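One letter stands for each residue in the lines below.
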Amino acid sequence: MANLRFLAKLVLSQLRLHPGRAVITTLGVVASTCAVVWVVSGYDALVSQFDENAGKYLGRYDALILSRGGPPGSPTPPIDESLIASLRLDAGVLEVNPISNSRVSVNRVQPDSEPREPASSLGLLVGNRPPVNGAPPIDPTLVSTPASDPPYEIVSGEWLGTDPESLFVVVGADVAEEMGVAVGDELLVTALANQVRLQVVGLVEQAPETPSLSEGRGGGGGGQPDAAKRAGRDPDRASKERPPVKPAAEAGGTQLGLPSGFVQGVATNAIYVRPSIAAQINGYASQPQVLQVAVRHTVSTDQFRQVWQEKLASNRPPLKIVDFAAVRGGMESTRSVSGQQSQAWAATGMASLAAIFIIFSTLSMGVSERARELAMMRAVALTRTQIAGIIAIESVLLAAIGWLAGLLAGWLMVIVGSRVLPGLFSSGAVLGWGCVLLTGLTVLIGALGAAILPAWRAMRIEPLDAMSAPVTTPHAGKWVVMGMVGIVLSAATPLCVFVIPMSDAWRKWCYAFVTYPVLLLGMILLAPAVVVICERVFAPLLNSVLKLDRRMMKTQLSSNLWRSVSATLALSVGLGLYASTQTWGYSMLKPFTPGDWLPDAIVAFHPVGLEKADEPLIEQVDGVEPEQVMPLAIEQAKFDWGESEQPSRLKFGDNGVICGLDPQAAWAADDPMLPVEFVEGDRESAIAALARGNACVVSQDFSMATGRGIGDEITMIPPSADSERVGYRIAGIVSLPGWQWVTKFSGVRRHFVRTGALIFANREQVHKDFHLGRTEFFWLNLKPHADLTAVEAEFQSIAERHAGESFTATGVGEIKAYRPFARMTASETVRKAIEMRADDMIWGMSYLPLVTLVIMSLAVANTVIASVRSRTWEFGVMRSVGVTRGQLVRLVVAETVLIAIAACVLSLLFGLTAGWCGVGMAQFGGWFAGPPSFTIPWAQLSIGFAITVGLCLLAGLWPAIKIGRAEPLELLQAGRASQ
């Protein structure tokens, strides 16, 4: 203990002697801790609200009864009325409220005098149009409920009235806040069958998010065995069964799959109407999908489960009971919770790196500057272990002070931020023990890790080293060898991704656990070479700009290479991740951006299509090129892979969109509607093959994912005739960048949410093979400067000529289309929406690296302070022989700029390599298998580089000013004292 106190006194005396370095290091740890507190406090708040949110989710009910469910996006099977009647006869049941969920588009009706808000990226593509399968459910869910009393607490207004025909709606409070809706406002609710205007009469409070109620989350309750499984039946059989639906040809209309809202249980992002109003909006009577059950006070939920669990499990479809415990467990596995948890771990990892580099920079420079002092201590009495102890105590002390101050500063920052910017903390902010322990562990690991190398260097100092100053400039061969090894290690990652043959599973494992870490190690080894090369290339340029003698800048960084490398690596942690994120993001954006091969727009007449006599009306619409209109026969059908398994690279590829068209009009050399690039095959042979029938043209990414080329056959299953099989032989392979987003929002995904391919075939052949009725889709080109809104309005008037007709919906049957819709999806609008969405997502992923970059700039401040202090005698001599104050200031500025340039070059190398390899790995992940594209977003990268240079200039500002204000004698005295 006495030995520890003695070492602590030595550390404290050193910190008092050089307080600037200790303050900057502590500030770095404080900033790292604040970053973790900022992210983790939101996660802690979410966890602390699980009980409260579970109670809000159930409302005034004790349990829910719902289907065990099928695959995500599959229709929810209805609950039989006889079961509901039996539940109501149970003496222990107080109330049974059957509800149903349906997906709609919801928009606030804005007065003409109110300025229109700019549309979001998804709002541009959806707007007041009906929802479609491909688009994500961004609007509130329509909930049909007959409950006479409000199921949740009324925030404002009142519950739905007793008149079932009143056009009233009650809105969730969070939905109302997001949409800017209050009691008395009106909402425009749009479904495939109708568009109805409803008046808001009340707002209710609900849980902020729907829990995950999938199987295995306690939904069955009590751990009881499944009765259906014990009986030897398939528990999912009932969920796969659907009411008998006539083929489209027999029904006299079109068969569609209703858009699914991905809701299992009670929707929380919801609006509430009476069943009769829901039927008017949807075109069919609502069928119960979820039962809200309230039991009497004399009966517990466990007793209710014991009575009904076996009966519900043996029902068709099998049902399950969801109680408070199951809801709370489901809250823990929602996407929001997992996303915030991932952000917390990412912030912790970045903060650990920041703490390690900043403390390492301080300790490493301290060992270099105090080499003689440490050697004298060794000569007097201290052992190697005690020397290492001094370094370790200094590291832990700086970390502990920074951690405690960081907790306080972070908590104050969160409190102020949650009040000034409440949108950043949707769940509130709580400084829980998890946050305290996580930040403490982060800082401790960072401190101990940062002390290892400096302690090892300090232990190697011999007593005789006190007699002479050690040589700090390493031999040139050392950094050359390290650079060559770094290049070899960095090259291993692209070789693994693009060159070395291996299975997809092994490639993903090798990339994640071997080559990517090796890439990081290679960049670290490459850093000394980058620093020296940047010094030799850019120092002469800085000499010219700053008007400095070239001899003053000749070895500005390499004379203290490891100190410069440390600062460069510290900056490259955040800047390198930023560069790789931007490069990967915008490179991946390219194959998903609609290319020039697309016509100006695709218009869909949903849900009943147009008769043959109405098709010429499309050409007469003002703004449409009459000679550039192409009717299409489109269906979304599953693939039949026969005895072979579905290709692993086609993760979402159990189905494809087949587009029947006129091949001559589409690809004729004179003036083609679809000027696609044929990767394999040619236009003439493809046109001839499609004209003969039973041939198709596929996209390049589909060919790469499946390994199927020209001459191979694709077999598909018509949705309206499961027993039939349709085969097409591939006659050509074309590049179709952006087909995914066009099919996502245009309504061509008629049955399934995801799809794996866009396939072209002969229109007449597709129409016959898939039993299609009227024409629903048209590709067309527009006249220059055509008004998209006016054109779509004319299309809408054409669609309404068939108001009141019926169509067939999968799993529902006949639906009356009170107001058919014309959905026009303009290619330019899709491009604009993608750019808006991509910018938001890519920059959202870049915030944490930029925050890390700001924190790491403190390491540069440490480096500059150490550089100035170590060269005080040199600066004094220079001032004595005529060097001006301004020249000394510019010399310090030049050093900071050189460090920034080295960090930018190293980060650019890492960012381009990591981003390129990340794009290449996408084709092995199962969600995109097309050819990898590589885009260098120079405009975005320049922002990060400019921030880096600016931070370095700020970091060197005070040392430069201080050295410029000092007198020559003062510098000489301080320099002699330090030596």
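Residues numbered from 1 in each chain as written. Predicted model: local features only at pLDDT ≥ 70, side-chain atom pairs only at ≥ 80, totals over all residues. Heavy atoms only, no water.

**Concerning the overall build of the chain**
A count of helical and extended segments in the chain gives 32 helices and 24 strands. Taking the intrachain contacts of the chain between residues at least 6 apart in sequence as the baseline, contacts between residues at least 24 apart amount to 84%. Total accessible area computed for the chain in this model is approximately 42100 Å², and 59% of it derives from carbon and sulfur atoms. (Helix = DSSP H or I, 4+ residues; strand = E, 2+ residues; numbered from the N terminus. Contact = heavy atoms within 4.5 Å. Areas by Shrake-Rupley, 256 points an atom, 1.4 Å probe, with all protein chains shown as cover.)

**As for the packing of aromatic side chains**
Describing an aromatic ring pair means giving the distance of the ring centres and the angle of the ring planes. Taken as a whole and assessed by the stated rule, the structure comprises 19 aromatic pairs. Where Phe498 meets Trp916, the ring centres are 4.5 Å apart and the plane angle is 20°; that geometry is what we call stacked. Residue Phe498 is located in helix H17 (residues 476-499), and its partner Trp916 is located in helix H29 (residues 885-922); the two are separated by 418 residues in the primary sequence. Take Phe498: its relative accessible area is 29%, and that puts it in the partly exposed class. Here the guanidinium or amino end of Lys311 rests over the ring plane of Trp308, the centre of that ring lying 4.6 Å away. (Phe/Tyr/Trp six-rings, centres within 6.5 Å; stacked < 30°, edge-to-face > 60°. Buried < 20%, exposed > 50% of the residue type's maximum accessible area, 1.4 Å probe, protein only. Lys NZ or Arg CZ within 6 Å of the ring centre and 35° of its normal.)

**A short note on the nonpolar core**
Soluble, globular proteins show a tendency: their nonpolar side chains are buried together. Formed by 84 residues in total, the largest nonpolar core has its most connected members in Leu571, Trp741, Phe745, Val860 and Phe875. Considering each element in turn, this core owes the most residues, 19 residues, to H29. (Core = buried A, V, L, I, M, F, W, Y, C linked by side-chain atoms within 4.5 Å.)

**Thoughts on the environment of Val175**
Residue position: Val175 is located in helix H6 (residues 173-179). In sequence terms Val175 and Asp139 are 36 residues apart; their C-alpha atoms lie 9.0 Å from each other. When residues no more than four places from it in sequence are discounted, the contact partners of Val175 are Pro140, Asn269 and Ala270.

**Description of the sheet that holds strand E22 (residues 806-809)**
Reading across the sheet, the three strands line up as E9-E22-E23 and stay open at both edges, with mixed pairing between neighbours. The two strands at the open ends of the sheet, each matched to only one other strand, are strand E9 (255-256) and strand E23 (813-816). (Pairing = 2+ DSSP bridges.)

**Details of the pattern of salt bridges**
Counted according to the given criterion, the structure contains 19 salt bridges. With its nearest N and O atoms 2.9 Å apart, the salt bridge here joins Lys56 to Glu205. Of the two residues, Lys56 is situated in helix H3 (residues 50-58) and Glu205 in the loop between strand E8 (195-204) and helix H7 (227-230); the sequence distance between them amounts to 149 residues. Judged by its relative accessible area of 28%, Glu205 is partly exposed. As a salt-bridge pair, Asp614 and Arg801 come within 3.4 Å of each other at their nearest N and O atoms. In this pair, Asp614 sits in the loop between strand E13 (601-606) and helix H20 (616-619) while Arg801 sits in the loop between helix H26 (788-799) and E22, placing the two residues 187 residues apart along the sequence. Looking at Arg801, the relative accessible area reads 54%, which means it is exposed. Through salt bridges that share partners, Glu52, Lys56 and Glu205 make up one connected network. (Salt bridge = Lys/Arg side-chain N within 4 Å of Asp/Glu carboxyl O.)

**Quick word on the state of the cysteines**
Under the defined criterion, the tally for this structure stands at zero disulfides. In this structure Cys496 is not part of a disulfide, and its nearest cysteine sulfur, from Cys510, lies 3.7 Å away. On the accessibility criterion, Cys496 (1% relative accessible area) is buried. Cysteine Cys904 shares no disulfide, and the gap to the nearest cysteine sulfur, in Cys952, comes to 7.6 Å. Among the residues examined, Cys904 registers a relative accessible area of 10% and is labelled buried. (Disulfide = S-S within 2.5 Å.)

**A closer look at the pairing of strand E18 (residues 713-717)**
Of the strand pairs in this sheet, strand E14 (residues 624-639) and E18 are connected by two bridges, and their pairing is antiparallel. In the sheet register, Phe639 faces E18, and the bridge partner there is Met716. As judged from the four bridges shared by E18 and strand E19 (residues 726-735), these two strands associate in the antiparallel manner. Residue pairing in the sheet places Glu713 in a bridge with Arg729 of E19.

**What to know about H26**
The terminal C-alpha atoms of H26 lie 16 Å apart, and with twelve residues this matches the ideal 16 Å at 1.5 Å per residue to within 8%. Among the residues of H26, those classed as buried are Val791, Glu792, Phe795, Gln796, Ile798 and Ala799. For H26, the angular spread of the buried residues around the axis is 155°, confining them to a single face. Elements in contact with the buried residues of H26: E13, H20, E14, strand E21 (777-782) and strand E24 (821-826). (Expected span 1.5 Å × (residues − 1). Arc of directions from axis to C-beta.)

**A look at the environment of Pro784**
When you line up the elements, Pro784 lands in the loop between E21 and H26. For the pair Pro784 and Gly623, spaced 161 residues apart in the sequence, the C-alpha separation amounts to 7.9 Å.

**Observations concerning a nonpolar patch on the surface**
Together, Trp506, Trp509, Phe513 and Val514 make up a nonpolar patch on the protein surface, roughly 480 Å² of accessible area in all. Counting through the fold element by element, Trp509 comes out in helix H18 (residues 504-546). (Patch = residues over 30% accessible without salt bridge, like charges linked within 9 Å, V, L, I, M, F, W, Y side chains within 5 Å.)

**Examining helix H10 (residues 275-282)**
Restricting attention to buried positions, one finds in H10 the residues Ile277, Ala278, Ala279, Ile281 and Asn282. Packing partners of the buried residues in H10 comprise strand E2 (93-103), strand E4 (141-144), strand E7 (186-190), E8, strand E10 (270-273) and E23. Backbone geometry just after H10 places Gly283 at a positive phi near 90°.

**Thoughts on unusual backbone geometry**
Glycine aside, negative phi is the norm for most residues, and most peptide bonds take the trans geometry. A cis geometry characterises the amide bond from Arg316 onward to Pro317, with omega recorded as 5°. Here Pro317 lies in the loop between helix H11 (301-313) and strand E12 (319-322). Backbone geometry at Asn694 places phi at a positive 60°, although glycine is not the residue there. Turning to its location among the elements, Asn694 is positioned in the loop between helix H22 (683-692) and strand E17 (695-699). Even without being glycine, His771 reaches a positive phi, approximately 55°. With respect to the helices, strands and loops of the structure, His771 is situated in the loop between helix H25 (763-769) and E21. Judged by its relative accessible area of 25%, His771 falls in the partly exposed class.

**Focus: the side chain of His606**
You can see His606 is positioned in strand E13. Look at His606 and you get buried, because its relative accessible area is 6%. Residues within four places of His606 in sequence aside, it is in contact with Leu192, Ser746, Gly747, Glu776, Phe777, Pro820 and Phe821.

**Comments concerning the environment of Leu374**
Mapping Leu374 onto the fold places it in helix H14 (residues 371-380). Classification of Leu374 as buried rests on a relative accessible area of 0%. Here the alpha-carbon distance between Leu374 and Ile387, two residues 13 residues apart in the chain, equals 7.4 Å.

**Notes on the packing of H18 against helix H19 (residues 561-589)**
Across the interface, H18 lies against H19 with an axial gap of 9 Å and an inter-helix angle of 115°. Compared by their axis directions, H18 and H19 come out roughly perpendicular. Between H18 and H19 lies a crossing of right-handed hand. Contacts between H18 and H19 involve Ile524, Ala527, Pro528, Val531 and Val532 from the former and Leu561, Trp562, Ser564, Val565, Thr568 and Leu569 from the latter. Grouping the amino acids of the contact of H18 with H19 by side-chain chemistry returns nine nonpolar, two polar and no charged. (Axes fitted to C-alpha atoms, helices over the stretch in contact; angles between N-to-C directions. Parallel < 35°, antiparallel > 145°, perpendicular 65-115°, else oblique. Left-handed = near helix turned anticlockwise from the far one by under 90°. Nonpolar A, V, L, I, M, F, W, Y, C, P; charged D, E, K, R; others polar.)

**Description of the packing of helix H4 (residues 81-89) against H11**
At a minimum axis separation of 13 Å, H4 and H11 run at an interaxial angle of 160°. Judged on the interaxial angle alone, H11 and H4 are roughly antiparallel. Taken as a pair, H4 and H11 cross one another with a handedness that is right-handed. Residues Leu83, Ser86 and Leu87 of H4 pack against Phe304, Trp308 and Leu312 of H11.

**What to know about the confidence of the model for the chain**
The predicted model of the chain has a mean per-residue pLDDT of 82, with 86% of residues at 70 or higher. Within the chain, strand E20 (residues 758-762) carries the highest mean pLDDT (96), whereas H7 carries the lowest (32). This stretch, residues 216-253, has a pLDDT under 50; its non-local contacts, to residues over four places away or in other chains, come to 63 contacts. (pLDDT = per-residue confidence, 0-100.)

**Some points on the side chain of Ser564**
You can see Ser564 is positioned in helix H19. Apart from the residues within four sequence positions on either side, Ser564 is in contact with Val531 and Leu557.

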